[in-house]
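Coordinate inspection notes
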Amino acid sequence: MPDFTHASDKLTAEEKLRLLVEFGTRISSELHLDKLLDIIAQQITQMLDVGRCTIYLKDEEKQELWSKIAQGKGLEHTEIRIPLESEGIIALVAREGKTINLPNAYEDPRFPVDVDMVTAFRTHATIAVPLKNNSDEVLGVFQASNKSDGTPFDKNDEGLLRLLATLASGSIEIAQLYQEIRVAQLETIYRLAVTAEYRDQQDTRQHLKNISIIAYLVALALGMSKSEAELIKNASPLHDIGKVALADNILLKPGKLPPEEFEIMKSHTIYGGKILEGAHSKVLQVAHKMSLYHHEKWNGAGYPKGLKEEEIPLEARIVTVADVFDALCVFRVYKKAWKTEEALAYIVDEAGKSFDPRIVAAFKKVYPSVKRLYAHVSVNQPQNQTLPVAETTKFF
């Protein structure tokens, strides 16, 4: 273990050891890559007492190094991308797997001044160490710049930064794998949803996107956390997955269905519930509630179980408002697109009947943002006469 006593005059060896233990504890429990990189950058900034810390990860597909998290003036939340074959110190460290320590950065031709010029940050001394996994493969680069005391980085600083990189590599790999799995899961959910919606939608992707965004905004307006709102956003595209079980002669039939065919149409909620039943994923558990109950009504007049008020899962109550609003605002084979003001008036009028009044109130708050999603509708949709609600709300 390196001697910490000369790495900074402001932190004692005991304080640095405490931070090292805290560093290992915090990064081992964080699975979200952005949050993990933020924690790592904050800890390095504190332990080395530097003006800027930047973490670069290798993008094999694009053959670039990228940084999404950067601590220090002018770089918060800025993404930096560097070609892997460039001649700057970050690319060199990534390619060669060796530390580069520059006591005076501007005197070394390997140091690119582009980032400094953009951010008005003057780099004096900088150090970059490779981030390697257990197989000695380079995952990225840790860079620290400008010690607060103005001195160059010494061997103890190099040793500390390499140690932190070693400790962090395993957690970063796990977080990257978690992110890949999560992306794959969400992509699978989305493609399943497209399969169900494609059969009766002119623009399936836009429909799913609209519902996801509206449900997310409403969830936030209700006071839900960002992670809870994200869960609702990611699950909402599957609310109509049960449509895959319906015959085209019913699903695509224009106008109002006769009672016997409407009963068959209603069964898409049951099919959706069965498809998603027993899921272990949180996203699919939420989607199960949505698919089974998104046609229940606040007053108990909905289907398939005639639930009312708080008996209906909150997630389903949210997606119901989003789904009905979008269904009214976009063209379908059995109806023309409504103006957003008309659709809003319908949603508000149905508060306490079809919809939870609290969710309608939240929807009204976010309506200015929602309205922008439909700015193109009047130009792209057929100009039929507006049909009565009974004729247009085929699924309500």
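For every chain, the first residue of the written sequence is number 1, and numbering continues from 1 along that sequence. Reporting of local features is limited, given that this is a predicted model, to residues whose pLDDT is at least 70; pairs of side-chain atoms are given and counted only at 80 or more, and all residues count toward the totals for whole chains, interfaces and linings. Working from all heavy atoms in the structure, the side-chain values ignore hydrogens and water.

1. Looking at the side chain of lysine 58
Secondary structure elements follow DSSP: runs of H or I no shorter than four residues count as helices, runs of E no shorter than two count as strands, and numbering proceeds from the N terminus. Counting through the fold element by element, lysine 58 comes out in strand β1 (residues 50–59). Within 3.5 Å is the distance limit for a polar contact, defined as a pair of N or O atoms, with the added protein rule that one can donate a hydrogen and the other accept it, and that residues adjacent in sequence qualify only through two side-chain atoms. Within the structure, lysine 58 has its side chain in polar contact with the backbone oxygen of valine 138 (distance 3.3 Å). By definition in these notes, contact holds between two residues if any of their heavy atoms fall within 4.5 Å. Setting aside its immediate chain neighbours within four residues, lysine 58 contacts Glu64, Leu65, Leu84, Ala94, Val138, Leu139 and Gly140.

2. Structural notes on the packing of aromatic side chains
Here is the rule: rings of Phe, Tyr and Trp (six-membered ring for Trp) pair when centre to centre is within 6.5 Å. Planes less than 30 degrees apart are stacked, more than 60 are edge-to-face, and the remainder are tilted. Here the structure, examined in full by the defined rule, presents seven aromatic pairs. With 5.7 Å between their ring centres and 35° between their planes, tyrosine 106 and phenylalanine 111 make a pair best called tilted. On the numbers, 5.5 Å between centres and 75° between planes, the contact of phenylalanine 325 with tyrosine 374 is edge-to-face. Here phenylalanine 325 is found in helix α12 (residues 314–329), whereas its partner tyrosine 374 is found in the loop between α14 (357–371) and α15 (377–380), with 49 residues between them in sequence. Residue class for phenylalanine 325 comes out buried when judged on its relative accessible area of 0%. Here the aromatic cluster, defined as three or more aromatic residues joined through ring pairs, consists of Phe325, Phe363, Tyr367 and Tyr374. Positioned over the ring face of tyrosine 106 is arginine 122, at 3.7 Å from the centre of the ring. One residue, lysine 233, lies across the ring of tyrosine 216, its end atom 5.0 Å from the ring centre. Throughout, exposure labels follow a simple rule: accessible area from a 1.4 Å probe, protein chains only, divided by the maximum for the residue type, with under 20% read as buried, over 50% as exposed, and the rest as partly exposed. Distance and angle both matter: a charge sits over a ring if NZ of Lys or CZ of Arg is within 6 Å of the ring centre and within 35 degrees of the ring normal.

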